[in-house]
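Spelled out from the first residue to the last, the chains are:
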Amino acid sequence: MLNPELFIDEAHEQRLRLLAERVTEQLRIAGFAVPDDPTEAGGAEVEVKKMAYAPGVFLHWYVHPSWPQRLIEPTVDGEPDHADAQRYSEVKGAMEEALVKVVRVLGFTTHHHEYPDWSGWEVRDPAEEQETP
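Not measured: the values here are computed from a predicted model.

Thresholds applied
- By convention here, each chain's residues receive numbers from 1 onward along its written sequence.
- In view of the model being predicted, local features appear only for residues whose pLDDT reaches at least 70, and side-chain atom pairs are presented and counted only at 80 or more, with totals across whole chains, interfaces and linings using the full set of residues.
- Remark: hydrogens and water are excluded; side-chain values derive from all non-hydrogen atoms of the structure.
- What we call a nonpolar core is a set of buried Ala, Val, Leu, Ile, Met, Phe, Trp, Tyr and Cys residues that are connected through their side-chain atoms within 4.5 Å.
- With a 1.4 Å probe rolled over the protein chains alone, any residue whose accessible area is under 20% of its type maximum counts as buried; one over 50% counts as exposed, and the rest are partly exposed.
- Numbered from the N terminus, helices here are DSSP runs of H or I no shorter than four residues, and strands are runs of E no shorter than two.
- Note on contacts: a residue pair qualifies if any of its non-hydrogen atoms lie within 4.5 Å across the two residues.
- Here the expected span of a helix is defined as 1.5 Å times the quantity of residues minus one.
- On a scale of 0 to 100, pLDDT captures the predictor's confidence in every residue.
- Take a side-chain nitrogen of Lys or Arg and a carboxyl oxygen of Asp or Glu: if they are within 4 Å of each other, that pair is a salt bridge.
- A pair of Phe, Tyr and Trp rings is counted when the ring centres sit within 6.5 Å of each other, with Trp represented by its six-membered ring. The angle between the planes then sorts it: under 30 degrees is stacked, over 60 is edge-to-face, the rest tilted.
- Criterion for a charge above a ring: Arg CZ or Lys NZ at most 6 Å from the ring centre, at most 35 degrees from the ring normal.
- When DSSP finds two or more bridges between a pair of strands, those strands are recorded as paired.
- Only the contacting stretch of a helix is used when fitting its axis, a line to C-alpha atoms as for every element, and angles between N-to-C directions run 0 to 180 degrees.

**Student:** Would you take a moment to explain the nonpolar core for this structure?
**Tutor:** When a protein is soluble and globular, its nonpolar side chains tend to lie buried together. By size, the foremost hydrophobic cluster in this structure holds 21 residues, and its most contacted members are Val23, Leu27, Val46, Val57 and Leu59. Looking at this core, the elements that each hand over two or more residues are helix 1 (10-29), strand 1 (43-49), strand 2 (56-62) and helix 4 (82-105). The element contributing the most residues to this core is helix 1, with five residues. Beyond its immediate stretch of four places on either side in the chain, Val57 contacts Leu16, Leu19, Ala20, Val46, Glu47, Val48, Trp121, Glu122 and Val123.

What follows is the structure in structure tokens.
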């Protein structure tokens, strides 16, 4: 069983889930694909992290999975396509940047975080920002 002290309390989790729902709805209205499983379809992910050391609502962008698969397959000469890998990285970065800009236009604030095992853009509601632990 996981140690409950590692996670935020239920009230905090509920506030984050409501924020995630609002962000997801607004991104869909703005025209972004926010599928149930973006790793399978590509698109935006609005994720609720419940770990006590870094709770929040985080944005990620996933390029359609067919692209990374092509990067793994060698070219005719047996070497990976480094130019395609570079384009993949640039597209992923540009889409994540666009997501962040749109979320800000929609009235939310964003903060980039780097943690030892992951990084991402946290989304906050400015009205609640002072209350978020």
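So that's the structure; there's more coming.
**Student:** Mind showing me how you'd approach helix 4 here?
**Tutor:** Residue pairs three or four apart in sequence face the same way in an α-helix, which turns once every 3.6 residues. The terminal C-alpha atoms of helix 4, which comprises 24 residues, lie 35 Å apart, in line with the 34 Å expected from a rise of 1.5 Å per residue. Those residues of helix 4 lying buried are Asp84, Tyr88, Glu96, Leu99, Val100 and Val103. A positive backbone phi angle near 105 degrees is found at Gly107, which sits one or two residues after helix 4.

**Student:** What am I meant to see in the confidence of the model for the chain here?
**Tutor:** Close inspection of predicted coordinates is inappropriate in any region flagged by low pLDDT. With 86% of its residues at a pLDDT of at least 70, the chain reaches an overall mean of 87. Across the chain, helix 1 holds the top mean pLDDT of 96, while helix 3 (residues 66-72) sits lowest at 72.

**Student:** Just to check I follow, could you spell out the pattern of salt bridges for this structure?
**Tutor:** Any two side chains of opposite charge can pair, on the condition that their charged atoms come close. Counted according to the given criterion, the structure contains eight salt bridges. Linking Arg17 and Glu13 is a salt bridge whose minimum nitrogen-to-oxygen distance equals 3.1 Å. On the criterion of helical spacing, the pair formed by Arg17 and Glu13 is a turn pair, its members being four residues apart in helix 1. Of the charged contacts, one joins Glu97 and Lys101 as a salt bridge, the two residues approaching to 3.3 Å between their closest N and O atoms.

**Student:** I tried to follow the packing of aromatic side chains on my own but got confused; where do I start?
**Tutor:** Think of a pair of aromatic rings as described by two things: how far the centres are apart, and how the planes are tilted against each other in angle. Scanning the model with the defined rule gives two aromatic pairs in all. With a centroid separation of 6.2 Å and 70 degrees between ring planes, the pair formed by Phe32 and Trp61 is classed as edge-to-face. Here Phe32, found in the loop between helix 1 and helix 2 (38-41), pairs with Trp61, found in strand 2; they are 29 residues apart in sequence, far enough to count as distant. The same class applies to Phe32 as to Trp61, namely buried. The residue whose ring lies beneath Lys92 is Tyr62, and the NZ or CZ to ring-centre distance is 5.9 Å.

**Student:** Quick question: what am I supposed to make of the environment of Glu5 here?
**Tutor:** As for its placement among the helices and strands, Glu5 is situated in the segment before helix 1. Judged by relative accessible area, Glu5 falls into the exposed class, the value being 68%. Between the C-alpha atom of Glu5 and that of Met51, which follows or precedes it by 46 residues, the distance is 9.0 Å.

**Student:** Help me out: how do you make sense of the side chain of Thr110 in this one?
**Tutor:** For Thr110, the location among the structural elements is in strand 3 (residues 109-115). When near neighbours in sequence (up to four residues on either side) are disregarded, Thr110 contacts Val100, Val103, Arg104, Trp121, Glu122 and Val123.

**Student:** Teacher, can you tell me more about the sheet that holds strand 2 here?
**Tutor:** Strand pairs in the sheet, formed through backbone hydrogen bonds, run parallel or antiparallel to each other. The strand order 1-2-4-3 describes an open sheet built from four strands, whose pairing is antiparallel. Each edge of the open sheet is held by one strand with a lone partner, namely strand 1 and strand 3. For this sheet, the mean angle separating the axes of adjacent strands, direction not counted, is 35 degrees. The pairing of strand 2 with strand 4 (residues 118-124) spans three bridges and is classified as antiparallel. Each bridged residue has a counterpart across the sheet, and for Leu59 the counterpart in strand 4 is Trp121. On top of the sheet, helix 1 reaches strand 1, strand 2 and strand 4; it is set at about 170 degrees to strand 1, its chief contact.

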